[in-house]
Amino acid sequence: MPISQASCRAAVVDPASRKLFPGEISMPRPGEGELLIEVAAAGVNRVDIDQKKGDYKVPAGVSPLLGLEVAGTVAALGAGATGYKPGDRVMALMSGGAYAEYAVARADLSLPIPDRMSFDEAAAVPEAYFTVWSNVFMDAKLKPGEVLLVHGGASGVGSATIQIAKSMGAVVITTARSEEKAEFCRKLGADLSINYREKDFEAEAARFLEGRGVDVVFDWIGHEYLKKHLSLLARKGRLVFIDSRTKEGPPIDLSMLMRKNLTITGSLLRPRPLEEKIAIAGEVRRRLLPKLESGEFTPIISHRVPFAAAEEAHAVVERGEHKGKVVLTFGSR
Ligand SMILES: NC(=O)c1ccc[n+]([C@@H]2O[C@H](COP(=O)([O-])OP(=O)(O)OC[C@H]3O[C@@H](n4cnc5c(N)ncnc54)[C@H](OP(=O)(O)O)[C@@H]3O)[C@@H](O)[C@H]2O)c1
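Since we're looking at a predicted model, the values are computed, not measured.

Colleague: What exactly am I supposed to notice about the pattern of salt bridges here?
Modeller: Close approach of charged atoms allows side chains of opposite charge to pair. Evaluated as defined, the whole model comprises 24 salt bridges. A salt bridge links Glu276 to Arg272; the shortest N-O distance between them is 3.4 Å. The partner of Glu283 in a salt bridge is Arg286, with the nearest N and O atoms 3.7 Å apart. Separated by 3 residues within a single helix, Glu283 and Arg286 lie in helix α9 (residues 274-294), roughly one turn from each other.

Colleague: For this particular structure, what's the right way to read the nonpolar core?
Modeller: In terms of nonpolar packing, the biggest core is built from 73 residues, with Tyr129, Phe130, Phe137, Ile164 and Phe218 touching the most fellow members. Leaving out residues up to four positions away in the same chain, Phe137 has contacts with Val132, Leu142, Ile164, Ala165 and Met168. Core analysis: the next-biggest nonpolar cluster, separate from the first, contains 30 residues, Val70, Val90, Ala105 and Leu328 among them.

Colleague: Please clarify how the side chain of Thr329 should be interpreted in this entry.
Modeller: Counting through the fold element by element, Thr329 comes out in strand β15 (residues 325-329). In this structure Thr329 comes out as buried when scored by relative accessible area, which is 16%. Discounting residues that sit within four places of it in the chain, Thr329 has contacts with Ala40, Ala41, Asp120, Arg304, Val305, Pro306 and Phe307.

Colleague: Any chance you could explain helix α7 (residues 223-232) here in plain terms?
Modeller: An α-helical segment advances 3.6 residues per turn. Residues three or four places apart therefore align on the same side. Within the sequence span of α7, burial applies to Tyr225, Leu226, His229, Leu230 and Leu232. Viewed along the axis of α7, the buried residues span an arc of 155°, placing them on a single side of the element. Those residues of α7 that are buried are in contact with β8 (147-150), α6 (201-209), β11 (214-219), β12 (233-241), α8 (254-260) and β13 (263-266).

Colleague: Looking at this structure, I do not really get the site of the ligand. What am I missing?
Modeller: Around the ligand sit 26 residues in total, of which Lys181, Tyr196, Tyr225, Leu269 and His322 are the nearest. The side chain of Arg46 places a nitrogen or oxygen atom 2.7 Å from an oxygen atom of the ligand. Leu269 places a polar main-chain atom, nitrogen or oxygen, 2.6 Å from an oxygen atom of the ligand. Taken by itself the ligand offers 910 Å² of open surface, and the protein chains cover 91% of this. At the level of secondary structure, the elements contributing two or more residues to the shell around the ligand comprise α3 (126-139), α4 (156-167), β9 (171-176) and α7. Residues of the shell around the ligand, tallied by class, amount to 10 nonpolar, 9 polar and 7 charged.

Colleague: It is not clear to me how the environment of Ala165 should be interpreted in this structure. Could you clarify?
Modeller: By the element assignment, Ala165 lies in helix α4. By relative accessible area, Ala165 is classed as buried at 1%. For the pair formed by Ala165 and Glu146, sequence separation is 19 residues and the distance between their alpha carbons is 9.7 Å. When near neighbours in sequence (up to four residues on either side) are disregarded, Ala165 contacts Phe137, Leu142, Leu148, Ala170 and Val172.

Colleague: Could you clarify how one ought to interpret the packing of aromatic side chains in this entry?
Modeller: The description of two aromatic rings rests on the distance between their centres and on the angle between their planes. Enumeration according to the criterion identifies 5 aromatic pairs in this entry. Arranged with centres 5.9 Å apart and planes meeting at 85°, the rings of Phe218 and Trp220 form a pair that is edge-to-face. Each member of the pair Phe218 and Trp220 is classed as buried. Taking 4.9 Å as the distance between ring centres and 10° as the angle between the ring planes, the aromatic pair formed by Phe307 and Phe330 counts as stacked. Of this pair, Phe307 sits in the loop between β14 (301-306) and α10 (310-318) while Phe330 sits in the segment after β15; the two residues are 23 residues apart in sequence, bridging distant segments of the chain.

The rules behind each value
Residues numbered from 1 in each chain as written. Predicted model: local features only at pLDDT ≥ 70, side-chain atom pairs only at ≥ 80, totals over all residues. Heavy atoms only, no water. Salt bridge = Lys/Arg side-chain N within 4 Å of Asp/Glu carboxyl O. Helix = DSSP H or I, 4+ residues; strand = E, 2+ residues; numbered from the N terminus. Core = buried A, V, L, I, M, F, W, Y, C linked by side-chain atoms within 4.5 Å. Buried < 20%, exposed > 50% of the residue type's maximum accessible area, 1.4 Å probe, protein only. Contact = heavy atoms within 4.5 Å. Arc of directions from axis to C-beta. Near = heavy atom within 4 Å. Polar contact = N/O pair within 3.5 Å; in protein donor to acceptor, adjacent residues only side chain to side chain. Areas by Shrake-Rupley, 256 points an atom, 1.4 Å probe, with all protein chains shown as cover. Nonpolar A, V, L, I, M, F, W, Y, C, P; charged D, E, K, R; others polar. Phe/Tyr/Trp six-rings, centres within 6.5 Å; stacked < 30°, edge-to-face > 60°.

Laid out in structure tokens, this is it:
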């Protein structure tokens, strides 16, 4: 019985080399309102790499073990955890600890895995879907018929953004580093996909839009593109940041903000208050889970990597080789 195990295997960071190795951790125990999940797959996110390298400050009180999302089977329930029973297939948003054979997640931040989806596909859902829905739809209020610009459309978050935004009736413009990745984005439904290494995305987007502006820019590039984004945005446009991978750029043109009545916002999912995360989980369950159940779209898995080779999974993301999501796999499914 897994709950009686003293330890389980995990991908752990060697503090000297800052690389991932297979190791052992104490068996996690589900607390109040939590599920113990036998992990089948864990999603790899860019922030995992930042955290491994020491470039990301882990919020107080969360597991220092990497991993923000899992898919697996409920092994046990903590006191007061409801809605699930042992053996149920679940996917869950976590604040850390997903890179292990067993993980604990809050029941209210977990979702049932549709029968038609694999564990690998389910592991690609929580972090990306919570992020896209909360920022693009709850905060930036993207509406059907509006134009969304998202960079890196072939990435984990980017590919989810294209699929979700298209299904909600938006016009989607995206960028990618190569023609191969740009084509991948078109196949996902992007209306315009620009190779940003060969073409100026601002000029290409403006030509495509024929005088119309972009309504929402969903951005993690940051300062480098700020001027172009402000220029492309339509009146009452919204710019929402979830990261700033470039730290320097031209100063913000405040007169543009005022003339166009623009809104600039942004958020970080991990440190959000619990009640906000629970509200996002409720919206994802209500608005996106039915689309996953019906097969309207399914997350695209780029690479499946056994957890013992987690360092290679990170290298794939760092080299920019992925088209869709990279997942770590556990056990012998
Ligand atoms: N705030 C939050 O709560 C939150 C939550 C989740 C994720 N995030 C952030 O969201 C971003 C995406 O996450 P992810 O896991 O999907 O990461 P990822 O796979 O590394 O994707 C980042 C993508 O950005 C694209 N990119 C990089 N530089 C670019 C440039 N100059 N122009 C256009 N595109 C560029 C790359 O596209 P190419 O490969 O085509 O070059 C890359 O695929 C990360 O920065 C992550 O930290 C934030």
